Amino acid sequence: MGTDLFDAAAMYEDDYLHFFATPDASPTHGPVVGSAYRGGDAADLVWRLLALSPGMTVLDLACGHGVLANELAARGCRVTGLDSSTVFLDRARADAAAMGVEVEYVAGDMRALPSWTGRFDRVVNWTTAFGYFDDATNRAVLSEIARVLRPGGRLAMDLDNAAKFLMSFTPSRITASRANGDMLVDRNHFDPVTARFEVERTVVRDGRARRLTFVKRLFAFPELRDWLTAAGFTDVAASGEDGHPLTAGHHRMIVTATARVTG
Ligand SMILES: C[S@@+](CC[C@H](N)C(=O)[O-])C[C@H]1O[C@@H](n2cnc3c(N)ncnc32)[C@H](O)[C@@H]1O
């Protein structure tokens with residue numbers, strides 16, 4: 001699509017899984033995004049915040065390699081995972097099979113979801129999987145989420161907590177490293193005019209280096225609350241990774257919202 005700010009296919013592929021999806025991998029992604037929860041912990045939090053129950057239809061939007069989607073399916077939800085990375089979806093399907101759970105994995109683009117109007121009880125969007133585009137397009141993604149939720153359905157988004165994130169800003173950082181010397185080295189730039197965090201990443205693997213860039217938008221809660229409200233949501237709230245009301249000390253900002261019931 002024409003609104004790409006970076007090449008997502010170059011970012012979300014095998015090297016990413018090498019650093020972030022293996023048992024001994026470092027779980028950090030940015031300056032300091034923290035990793036207060038992963039897999040089952042994230043599922044516990046979502047379960048509580050979204051009042052999930054077995055049988056509910058859940059869309060994991062930008063599901064990546066399916067850690068949360070597979071876990072929610074294991075707990076009895078009817079889960080659909082959508083992502084643009086076929087490499088990640090292959091891994092998600094393989095892990096689902098190994099776990100003995102069923103998840104509908106769909107290759108797609110969050111900017112234009114399939115004809116799923118009103119289909120889901122819940123949507124989850126996890127680990128900063130929002131804010132990759134210009135603002136008009138980011139807002140269009142929220143409208144797409146509102147469209148695929150049933151009226152009264154609920155959304156949870158897990159994003160960087162901008163306050164904490166910027167307090168921990170460093171111009172460069174080794175974001176991940178492995179015992180054999182492989183590493184990810186990031187040069188970071190924050191543009192306060194666009195509120196975009198821009199990263200030039202060098203991937204060093206097996207002695208070879210590769211460059212890529214990625215961009216993500218940072219949000220103060222009131223801005224995202226207003227965007228969600230304009231997109232058709234009510235009851236927009238923010239908590240940290242422990243599920244308590246958001247503070248500047250939390251690593252993560254978990255935003256929950258309810259699709260407006262009209263008429
Ligand atoms: C930071 S990862 C998070 C993945 C997953 N939610 C998790 O918690 O591990 C962001 C994900 O967004 C996906 N993505 C990027 N652009 C996308 C797009 N336009 N449509 C759908 N997915 C996209 C990437 O492939 C990647 O899996």
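The protein appears in an unreviewed UniProt entry as Methyltransferase domain-containing protein from Paractinoplanes bogorensis.

A. Representation of the UniProt feature "domain: Methyltransferase" (unreviewed entry) in the protein in the model. Per the UniProt record, "domain: Methyltransferase" (unreviewed entry) is found at residues 58–153. Secondary structure across residues 58–153 comprises 38% helix and 27% strand; the distance between its end C-alpha atoms is 10 Å.

B. Here's a closer look at the sheet that holds strand 2 (residues 78–83). An order of 3-2-1-4-5-11-10 is seen for the 7 strands of this open sheet, with the pairing classed as mixed. Each of the sheet's edge strands pairs with one partner strand only, and the pair in question is strand 3 (103–107) and strand 10 (233–239). Averaged over all adjacent pairs, the angle separating strand axes in this sheet is 15 degrees, with direction ignored. Here strand 1 (residues 57–61) pairs with strand 4 (residues 120–125) via 3 bridges, running parallel. If you follow aspartate 60 over to strand 4, its bridge partner there is valine 124. The strands touched by helix 5 (residues 86–99) are strand 2 and strand 3; relative to strand 3, the strand with the most contacts, the crossing angle is about 170 degrees. On the sheet, helix 8 (residues 221–231) packs against strand 10 and strand 11 (252–259) and is oriented at approximately 160 degrees with respect to strand 10.

C. Region of the structure containing the sheet that holds strand 9 (residues 208–217). Reading across the sheet, the 4 strands line up as 6-7-8-9 and stay open at both edges, with antiparallel pairing between neighbours. Each edge of the sheet is formed by a strand with only one pairing partner; in this case those strands are strand 6 (172–177) and strand 9. Averaged over neighbouring strand pairs, the angle between their axes works out to 25 degrees when direction is ignored. Bridge count for strand 8 (residues 196–205) against strand 9 is 10 bridges, and the pairing is antiparallel. Note on strand 9: the bridge partner recorded for glutamate 198 is valine 215.

D. Representation of the domain arrangement of the protein in the model. Once the domains are mapped, the protein shows domain 1 (8–161 + 219–259) and domain 2 (165–214). For domain 1 versus domain 2, the distance between C-alpha centres works out to 22 Å.

E. Region of the structure containing the nonpolar core. If you look at the biggest cluster of nonpolar residues, it comprises 65 residues, and the most contacted ones within it are Val123 and Ile145. Split by domain, this core shows at least three residues from each of two domains, domain 1 (8–161 + 219–259) and domain 2 (165–214). Not counting the four nearest positions on each side in its chain, valine 123 is found in contact with Leu59, Leu61, Ile145, Val148, Leu149 and Leu155.

F. Spotlight on the pairing of strand 3. Where strand 2 meets strand 3, 5 bridges bridge the pair, whose relative direction is parallel. The residue of strand 3 that forms the bridge with glycine 81 is tyrosine 105. For the handedness criterion, the β-α-β arrangement of strand 2, helix 5 and strand 3 is classed as right-handed.

G. Representation of helix 6 (residues 135–148). Look at helix 6: 20 Å from first C-alpha to last across 14 residues, which is about the 20 Å you get at 1.5 Å a residue. Within helix 6 the residues assigned to the buried category are Val141, Leu142, Glu144, Ile145, Ala146 and Val148.

H. Broad picture of helix 5. Between its first and last C-alpha, helix 5 extends 20 Å over 14 residues, near the 20 Å set by a 1.5 Å rise per residue. Every buried residue of helix 5 is accounted for by Phe88, Leu89, Ala92 and Ala96. Relative to the axis of helix 5, the buried residues are bounded by an arc of 95 degrees and lie together on one face. Among the exposed residues of helix 5, those oriented more than 90 degrees off its buried face are Ala94, Ala97 and Ala98. Of the surrounding secondary structure, the elements contacted by the buried residues of helix 5 are helix 4 (67–74), strand 2 and strand 3.

Conventions we followed
- Residues numbered from 1 in each chain as written.
- Predicted model: local features only at pLDDT ≥ 70, side-chain atom pairs only at ≥ 80, totals over all residues.
- UniProt positions renumbered as here; feature names shortened; annotations may be inferred.
- Helix = DSSP H or I, 4+ residues; strand = E, 2+ residues; numbered from the N terminus.
- Pairing = 2+ DSSP bridges.
- Axes fitted to C-alpha atoms, helices over the stretch in contact; angles between N-to-C directions.
- Contact = placed C-beta atoms within 7 Å.
- Domains from an automatic or database assignment.
- Core = buried A, V, L, I, M, F, W, Y, C linked by C-beta atoms within 7 Å.
- Buried ≥ 20, exposed ≤ 12 C-beta atoms within 10 Å, placed from the backbone.
- Right-handed = clockwise from strand over helix to strand, strands pointing away.
- Expected span 1.5 Å × (residues − 1).
- Arc of directions from axis to C-beta.

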